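# Inside the fold
For reference, the chains in residue letters:
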Amino acid sequence: MSIAFDTIAFRAPKCDGCGECMKACSAVKQGASRISIVPGASAGAFEMALCRQCGDPKCVMVCPAGALTKNGASGVIDWSADKCVDCLLCTSGCAYGAISADPVGGRVIKCDQCGGDPACVSACPSGALEWGGAGSIYNRFGEMEDMFVPGLAGCQGCNSELIMRHVMRRVGRNSVLATPPGCIPGMGSVGYNGKTGTKVPVFHPLLTNTASMLAGIRRYYDKVGRKDIVVMALAGDGGTVDCGFHAVSGAAERGEKILYVCVDNEGYMNTGMQRSGATPYGSWTSTTPVGDKLKGKTQDAKNMPMIMVAHRAAYVATASTAYMEELYDKLDRAIEASFKGFSYLHIYSPCPTGWRVASNKVIEACRMSVESNFVTLWEYTPEAGLRFTRSPDRPIPVVDYARTIGKYRHLDADQLAHIQAKVDEQVALLKRLAGEVATAPAALAAAPARTSTPDGAATPPLRHETFRP
Amino acid sequence: MPEAKYLLVGSSHAGLEALRAIRRLDADGSMAMLTKDSQLPYSPTVLPYVMSGRSKPDAVILRDRAFFDETGCVYAPGQAAQSLDTKARLVTLADGVQWRYERLLIATGAAPAIPPIPGLQSVPFHVLRTLDDAVNLRTRMGLARRAVVLGAGLVGLHAAETLAEAGLAVSVIEMKNQVLPGYIDAKASERIEAAFASHGIKLLLGRTATQVAALDGGVSVTTDDGRAIEGDMLLVATGVKSCTEWLAGSGVEIDRGVLVDDRMRTSAADVWAAGDVAQGLDFASGERQVLGIIPTAVEQGRIAGFDMAGDAKQKPWAGGLPVNTYRFFGRPAVSVGQAAAEGDGFEVVEQEQPRKYRRIVLADNRLVGIITVDDPFDAGIMGELIRRRVDLGAMKDAFLADPTQVGRRLMSEMWR
Amino acid sequence: MSAPATLKATSRTMVIDGNEAAAWGAALSRPDVVAVYPITPQSSLVEYLAKFIAEGKMDAELMDVEGEHSVLSVLHGACLAGGRTYSATSAQGLAYMFEPYFRTPGLRLPMVVSLVTRDSVTPCCVWGGQQDAMTVKEVGWIQMYCETQQEICDSIPIAYKVAEHADVMLPVNVCHDGNYLSYGVARVDLPEQEVVDAFLGEKNVNWHACLDPERPMAVDPLTGGAGGIGPSTFVRYRKGQCAGMAAALDVIVAAHEDWGRRTGRYWSPLIEDYRMEDAEVALVTIGSMTGAAKDAVDDARLDGRKVGLVKIKTFRPFPAKVIAKALSKVKAVGVVDRAVNFGWNCGPVFQEVLAALYANPTRVPLISFIGGLAGADITPEHFGRAIADTVRVAAGETMSSPIWLNEFDQ
Ligand SMILES: Cc1cc2nc3c(=O)[nH]c(=O)nc-3n(C[C@H](O)[C@H](O)[C@H](O)COP(=O)(O)OP(=O)(O)OC[C@H]3O[C@@H](n4cnc5c(N)ncnc54)[C@H](O)[C@@H]3O)c2cc1C
């Protein structure tokens, strides 16, 4: 297997052009900045030029002096000051504007990632620059065994298949996997007619009893001393938030030691895209169609991870495949927590077929859902409370996200405003739980002040405290 | 008889890139790289720096022995190919050894073209194309006080700079009225000329050497205006020609170089060519030309390599784009595309400032060429804008004001 | 016959109700996982289990789950992991459990669940009756109905022995009547633990299908489809279930026999004949009503009527042959049910007996009695009337059936 490398990632929507990254780079490198932030297409938008440390680097191939080499261990394209003759041919090989001459002294400069701890990333106050650990993940997990057969029958671009494969790679063979009815078994993980699609023990619980069956398995294995088995589910949202809710809630309340991964594609996608309790307001589904009288779902989705927080589950986190490093981090913690109590990981999973998203835009949809706060990424433990794992500050408008999703195509301005208000409200609530002072969203600010204190008494100020139910 | 599935002749940019491309598709097909050079691979472009002493001859190698071991490619230095039999699939070397190939890459590059100046062949003169040339020049220049350079192209100017920096009195004779003819425009040329002049170099532009004669261990070059320019050493840098002699009689079609199609295939089956030896598509004109630069050698080498390894999915090549970067006396000049173009259909914007010069050529609101002096830019990005024929639309003014910023923005958006 | 000399058959004698007797029977069978959810009239049974576990009398994982659906679901998990499991439920609990309940025999899980039988709503009712158990008779569970507290206690280990038999591998409901047996107190001799351990032998509940990383497999892959191997695979599963059921008859007999040898208590495994030798009419009963029915038979005998009784212990699989044989010589049969078969307007047991008797060369008239619904008493007087009616039917009279025994109780 080839080796992959970590990189510096740029999230354009978050960048406010403050220039701290360039200052930090200049300071560390004692010269011109290797990263450059330039004005973007509209006022307040910014773009970035920085070495991508290409796997197939043209700068290296055009260098006549052997001064540039792709470092097999770090992935960085190393530049040798001794060998370089500053001929600038390398600049012709770079389509990113990432290798250039220092205006002072004229020597070639390029990013060396500061040896894995880039100054620009540390200096970035907006979260626009990130140290992306995807390469490390690939190296760590790429060699691990894929627990599913190749050629599962998911739709093209299926995000759930991605989740399944990644999660099970990490979990490994010492596990028991429940995949309740839905796309996950539907695509062949439990197999057909006596053949299996999975290398670990796998079963098809009822849509309604996943958490319970798992609880029974765990209890027995714990009783006979086989405590190291990961007992887990890859379950859809329908079986989790609707008809299987009792089982999830019961297992969480009892602190059953299981790992429950909810792959949330916001409805019953396998049976033909019907609405579930996790389907967001306004969505077109086959049971919330769009016509003259009805324009998609008229209720908001229930927030299952928050419900799990209210259960004081041992671990609760939300995750998105647009942020794999984080997903893997959370998976690590979720697995660990599943040996102590109920561990709940909620992964958002756009469905190209059911949501009407082009299959090559699924990860983009994941990313925009997070950038718009439609999906918030956070984690919770009873000990540490709730914390955001990605800042919800500086979101893009929800409408930008909604526009990328076919199931929202019909939404009118009022509906979009409803969604935006709901997103703002959820973020405000989460911020309170996270102990961050929330600026009241417009929707709340307009409402009369609500207070539980007697009339006349001042409303108690928001407390800077972490939520510990 | 030695044989290889992939036989690469020539060990410079084109050959090395082909090797890499082949190995990406075929991890262990047998491969050999033959080269006339006795050293490990190096680039001709680095030679001026070897000549100046900035680069040590043993520090300029592009690939070490271990690389060839790792890639499973037999590296055979000191092996000059002398003839090719495409029917028998045999390459015959100067010493008579024959290599059998399944697929052959011709990457023998170019060699100095020696102009037919009366007397030239009877005097000692230098060229600069091989490491040996550079080392010889360096030795010679340590003993000389005056040097004459024929040709104010890239090689001539580089060498002239080096000679001047080493303290020699240097005269450069150039047929055309400007330096770097064909690459840069007259105004850019003026600035470079000024740099040379300020370092005491005599540039004799628009002059033709008519006669060369030996003189006290040195030379005397007579120009068309009757002047005699004397030197202790003479460097001929009047251009290059593709190394195709060894292909004579092979049936491989040759014009100024080996004619190749958009996958670098020659007219002979299972024979490819790339780099300075090849005459392939030119992006701007749509005709086949020898571009003689590294970026083109690399691109062609890659396409050839992938095609040799059987990659059926390659997009047809859009053609080579001139890209040149220069730095004379610390002053950078960069040109991409039809930087010197003028006339109908071209919109030329020249920005002349005391400390920098920029010339942007647009056609149909799209960038087709750009050159700057003392204002380096992202040559790779400009190349992309030209190749992709990006319509600058409403961004044109912003682009003209700051091509680097707008170029970076466009690329950042594009690659996201 | 007596128990092997090395083992003391009885550890102690107690006076306990049927729910506690069931709890003891379960405890002695050493389940690994017990899941509970309360429902009248089962509640005290699971309380006893919890108490036994709390006091260390029983070494099982106690899972107090959020409803019967999960009761059976957690036990599915535990059983597939290799555990012996136990639970109990009634009426609405069984109804709520139905989804995993139906799946249990399909997965061939050798589980034992007590049904403390009760009438099912609506009309709203928390009292005894067998409508719950009778409604699920076609689901594929083995059903055994107990007559006494002692039989409850003994039948649970027997049920495990049957369920886990390699030829059977099916779940068993040990049924006992709500109210009469669940709360009624009687003397029970508790078997010695060693006796039960030796009787049950090594547990091996998931050799056929398991969820174990050491033996990875897909449990219950999707079967079926338009044609070919899919439906035929499904057919093999179904046929296998039926074969298991059929095989259970002999296994049940053998298990009861084995139990009798070890404890001295020989329960009739399939049916019990009572005074049938020369009987001219017979009553058929099931469950706790049988005691009162036997008294009525005795009274009738005193009056000179040749009446006998057949009690059904094993209702699923239905012991059709032995019933047909037992009833082959009588002139009329009265079948007393504690549940209703709505579609046939009779009792469910009646309908089964009717079908079984089709195998006999001579047709005898049958009459359906339905009594004991909603906790009603079926007294010896009620049975006396039933006997009288059956005798009249034997004499050629036609009567409108079913006869609702408690219809006019005040
Ligand atoms: C002084 C100088 C400065 C330059 N500056 C620049 C610059 O700034 N930018 C730029 O883009 N380009 C520059 N060039 C041109 C650039 O070096 C060439 O375009 C490039 O090297 C072409 O690569 P190639 O692989 O096609 O062939 P070459 O580099 O010419 O290599 C040819 C190879 O073939 C071998 N060979 C030749 N004949 C035979 C034979 N018969 N048998 C076996 N082996 C044979 C040679 O030994 C050599 O290994 C410069 C060239 C020189 C000389």
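Residues numbered from 1 in each chain as written. Chains lettered and ligands numbered in written order. Predicted model: local features only at pLDDT ≥ 70, side-chain atom pairs only at ≥ 80, totals over all residues. Heavy atoms only, no water.

### Comments concerning the overall build of chain C
- Helix and strand counts for chain C stand at 13 helices and 16 strands.
- A compact globule built from 410 residues would reach a C-alpha radius of gyration of about 22 Å, and chain C, at 21 Å, matches this within 12%.
- The C-alpha extent of chain C, read off along each of the three principal axes, is 65 × 60 × 45 Å.
- Here the contacts in chain C between residues at least 6 apart in sequence split such that 81% fall between residues at least 24 apart.
- Surface accessibility of chain C: about 15500 Å² in total, with carbon and sulfur atoms responsible for 56%.
- When the 36 positive and 48 negative side-chain charges of chain C are each reduced to one mean point, those points stand 6 Å apart. (Helix = DSSP H or I, 4+ residues; strand = E, 2+ residues; numbered from the N terminus. Rg over C-alpha atoms; globule rule 2.2 N^0.38 Å. Contact = heavy atoms within 4.5 Å. Areas by Shrake-Rupley, 256 points an atom, 1.4 Å probe, with all protein chains shown as cover. Lys, Arg positive; Asp, Glu negative; His and termini not counted. Charge placed at Lys NZ, Arg CZ, Asp CG, Glu CD.)

### Remarks on the domain arrangement of chain B
Residues and elements named next belong to chain B.
- Looking at the assigned domains, one finds that chain B contains domain 1 (3-110 + 241-308), domain 2 (120-238) and domain 3 (330-415).
- Distance between the C-alpha centres of domain 1 and domain 2: 30 Å.
- Between domain 1 and domain 2, the contact holds 15 residues from the first and 15 residues from the second.
- For the pair domain 1 and domain 2, the two sides together bury roughly 1400 Å², of which 67% comes from carbon and sulfur.
- At the boundary of domain 1 with domain 2, the tally comes to 1 salt bridge.
- Note that Arg129 and Asp276 form a salt bridge whose closest N and O atoms lie 3.0 Å from each other.
- The interface formed by domain 1 and domain 2 holds 6 residue pairs in polar contact (both at pLDDT 80 or more) in total. (Domains from an automatic or database assignment. Buried area = accessible area lost by both parts, 1.4 Å probe. Salt bridge = Lys/Arg side-chain N within 4 Å of Asp/Glu carboxyl O. Polar contact = N/O pair within 3.5 Å; in protein donor to acceptor, adjacent residues only side chain to side chain.)

### Considering the domain arrangement of chain C
Residues and elements named next belong to chain C.
- By the assigned domains, chain C splits into domain 1 (11-263) and domain 2 (271-404).
- Look at where the C-alpha atoms of domain 1 and domain 2 centre, and you get two points 28 Å apart.
- Between domain 1 and domain 2, the residue contacts involve 27 residues of the former and 31 residues of the latter.
- Buried surface at the junction of domain 1 and domain 2, summed over both partners, amounts to about 2200 Å²; 53% is from carbon and sulfur atoms.
- Counting across the domain 1 and domain 2 interface gives 7 salt bridges.
- Its salt-bridge partner being Lys311, residue Glu147 comes within 3.0 Å of it at the nearest N-O pair.
- Here domain 1 is connected to domain 2 by 22 residue pairs in polar contact (both at pLDDT 80 or more).
- Going through the elements one at a time, helix H6 (131-135), strand E6 (142-145), helix H7 (149-163) and helix H9 (229-263) are the ones with two or more residues in the side of domain 1 that touches domain 2.

### What about the pairing of strand E2 (residues 31-34) of chain B?
Residue and element names in this part refer to chain B.
- On E2, burial covers both faces: Met31 and Met33 on one face and Ala32 and Leu34 on the other are all buried.
- Bridge analysis of strand E1 (residues 3-9) against E2 gives 4 bridges, and the strand direction is parallel. Its bridge partner being in E2, Leu7 is matched across the sheet by Ala32.
- One crossover worth recording links E1 to the parallel E2 by way of helix H1 (residues 13-25), and it is right-handed.
- As defined by bridge partners, E2 adjoins strand E3 (residues 73-76) across 4 bridges and the pair is classed as parallel. Directly across from Ala32, in E3, lies its bridge partner Val74. (Buried < 20%, exposed > 50% of the residue type's maximum accessible area, 1.4 Å probe, protein only. Pairing = 2+ DSSP bridges. Right-handed = clockwise from strand over helix to strand, strands pointing away.)

### Re the interface of chain A and chain B
- Of the residues lining the interface, 38 residues belong to chain A; the matching set on chain B comes to 40 residues.
- Interface of chain A and chain B: buried area, both sides summed, is about 3200 Å²; carbon and sulfur atoms make up 54% of it.
- The three residues of chain A that bury the most area against chain B are Met61, Pro64 and Val85 of chain A, which together make up 20% of that side's buried surface.
- At the boundary of chain A with chain B, the tally comes to 5 salt bridges.

### What to know about the sheet that holds strand E8 (residues 146-150) of chain B
Residue and element names in this part refer to chain B.
- As summarised here, the arrangement of the 4 strands in space is E10-E9-E8-E14, forming an open sheet in which the pairing is parallel. The sheet is open, and its two borders are formed by strand E10 (202-205) and strand E14 (233-236), each paired with just one other strand. Each strand axis lies, on average, 15° off the axis of its neighbour in the sheet, ignoring direction.
- The pairing of E8 with E14 spans 4 bridges and is classified as parallel. If you follow Val148 over to E14, its bridge partner there is Leu234. (Axes fitted to C-alpha atoms, helices over the stretch in contact; angles between N-to-C directions.)

### Re the site of the ligand
- In the vicinity of the ligand lie 33 residues, with Ser12, Ala81, Arg129, Asp276 and Ile294 of chain B positioned nearest.
- Those chains with residues close to the ligand are chains A and B.
- Lys36 of chain B has a polar backbone atom sitting 3.0 Å from a nitrogen atom of the ligand.
- Within the backbone of Asp276 of chain B, an N or O atom sits 2.7 Å from an oxygen atom of the ligand. (Near = heavy atom within 4 Å.)

### A word on the pattern of salt bridges
All names here are of chain A.
- The full count for this structure, using the stated rule, is 91 salt bridges over all chains.
- Residue Lys23 is joined to Glu20 by a salt bridge in which the shortest nitrogen-to-oxygen separation is 3.2 Å. In this pair, Lys23 and Glu20 are both assigned in helix H1 (residues 20-29), 3 residues apart and thus about one turn of the helix distant.
- Judged by its relative accessible area of 53%, Lys23 falls in the exposed class.

### Structural notes on the packing of aromatic side chains
All names here are of chain B.
- A complete count under the given rule lists 19 aromatic pairs over all chains for this structure.
- Ring geometry for Phe67 versus Phe68: centroids 5.2 Å apart, planes at 85°, classification edge-to-face. This pair shows no difference in class: Phe67 is buried, exactly as Phe68 is.
- Here the aromatic cluster, defined as three or more aromatic residues joined through ring pairs, consists of Phe196, Tyr326, Phe328 and Phe329. (Phe/Tyr/Trp six-rings, centres within 6.5 Å; stacked < 30°, edge-to-face > 60°.)

### Things to note about the UniProt feature "domain: FAD/NAD(P)-binding" (unreviewed entry) in chain B
- Feature annotation in UniProt places "domain: FAD/NAD(P)-binding" (unreviewed entry) on residues 5-301 of chain B, given in this structure's numbering.
- The span residues 5-301 of chain B is 24% helix and 28% strand, and its two end C-alpha atoms sit 17 Å from each other. (UniProt positions renumbered as here; feature names shortened; annotations may be inferred.)

### Some remarks on the sheet that holds strand E3 (residues 61-64) of chain C
Residue and element names in this part refer to chain C.
- Read across the open sheet, the 7 strands follow the order E3-E2-E4-E5-E7-E6-E13; overall the sheet is mixed. Here the strands that pair on one side only, and so sit at the sheet edges, are E3 and strand E13 (314-316). Strand-to-strand, the axes of this sheet are offset by a mean angle of 20°, without reference to chain direction.
- The pairing of strand E4 (residues 85-89) with strand E5 (residues 112-117) spans 4 bridges and is classified as parallel. Bridging across to E5, Thr89 finds its partner in Leu115.

### A look at helix H10 (residues 245-254) of chain A
Residues and elements named next belong to chain A.
- Across the 10 residues of H10, 8 count as buried, placing the element largely inside the fold.
- Turning to H10, its buried residues are His246, Ala247, Val248, Ser249, Gly250, Ala251, Ala252 and Arg254.
- Remark: Gly255 follows H10 within two positions and exhibits a positive phi of approximately 70°.

### Some details on the arrangement of the chains
- Pairwise contact counts over the 2 pairs of chains in contact peak for chains A and C.
- Regarding chain B and chain C, which are not in contact, the minimum distance between any of their C-alpha atoms is 36 Å.

### A look at the interface of chain A and chain C
- Contact residues are listed per partner, giving 37 residues for chain A and 42 residues for chain C.
- Both sides together, the interface formed by chain A and chain C hides about 3000 Å², and carbon and sulfur atoms give 59% of it.
- Three residues stand out in chain A for area buried against chain C, namely Asn193, Tyr220 and Lys223 of chain A, and they jointly supply 23% of the buried area on that side.
- Where chain A packs against chain C, one counts 6 salt bridges.
- Taken together, chain A and chain C are joined by 19 residue pairs in polar contact (both at pLDDT 80 or more).
- Secondary structure elements with two or more residues in the side of chain A that touches chain C: strand E9 (175-178), strand E10 (202-203), helix H8 (210-223) and H10 of chain A.
- With 9 residues, H8 of chain A is the single largest residue contributor to the side of chain A that touches chain C.

### Points about the confidence of the model for chain C
Residues and elements named next belong to chain C.
- Within chain C, residue pLDDT values average 95, and 98% of them lie at 70 or more.
- For residues 1-5, every residue scores under 50 in pLDDT, and the model assigns this stretch 9 contacts once sequence neighbours within four places are set aside.
- Both scores are available for the predicted complex, with the pTM at 0.77 and the ipTM at 0.95. (pLDDT = per-residue confidence, 0-100.)

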